[in-house]
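Examining the three-dimensional arrangement
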Amino acid sequence: MASTHPPLRDTPPAADAVFFASPSAIRAWLVRSTREIDSPPVAIAIGRTTHHALLAETAFAFFDTISLPMPTPEAFAHVLGHLD
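Please read all numbers here as calculations on a predicted model, not as lab measurements.

Here the focus is the environment of alanine 25. Position of alanine 25 among the secondary structure elements: in helix H1 (residues 23-32). Overall, the relative accessible area of 27% leaves alanine 25 in the partly exposed class. Between the alpha carbons of alanine 25 and threonine 50 there is a distance of 9.1 Å; along the sequence they are 25 residues apart.

Packing of H1 against helix H2 (residues 48-58) brings their axes to within 8 Å, and their N-to-C directions diverge by 30°. Classified by the interaxial angle, the pair formed by H1 and H2 is roughly parallel. At the point where H1 passes H2, the crossing takes the right-handed sense. On H2, the residues that touch Pro23, Ile26, Arg27 and Leu30 of H1 are Thr49, Thr50, Ala53, Leu54, Glu57 and Thr58.

Only one face of strand S1 (residues 17-20) is covered, namely the face carrying Val18 and Phe20; the face carrying Ala17 and Phe19 is uncovered. Both S1 and strand S2 (residues 42-45) contribute to a ladder of four bridges, which runs parallel. Looking across to S2, one finds that valine 18 is bridged to alanine 43.

What counts and how
Residues numbered from 1 in each chain as written. Predicted model: local features only at pLDDT ≥ 70, side-chain atom pairs only at ≥ 80, totals over all residues. Heavy atoms only, no water. Helix = DSSP H or I, 4+ residues; strand = E, 2+ residues; numbered from the N terminus. Buried < 20%, exposed > 50% of the residue type's maximum accessible area, 1.4 Å probe, protein only. Axes fitted to C-alpha atoms, helices over the stretch in contact; angles between N-to-C directions. Parallel < 35°, antiparallel > 145°, perpendicular 65-115°, else oblique. Left-handed = near helix turned anticlockwise from the far one by under 90°. Contact = heavy atoms within 4.5 Å. Pairing = 2+ DSSP bridges.

Following this line, the structure appears as structure tokens:
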């Protein structure tokens, strides 16, 4: 049976924001990312644990790091709607 998923990219595509749902997702992104430090994206964490991991593991890799107040689609939409 053929896979319906696209193949994995060697590096993440350019983005204005990156959403992280777990600390392991942060580590996977950092391993694959080649993004320039002088033009980093905004990091959005699903919650407090992931937010703390972003701060601990990425230091200056992102321009801004945001945590959702609640891990809901509505909170995510609100954050996206207010990115500058």
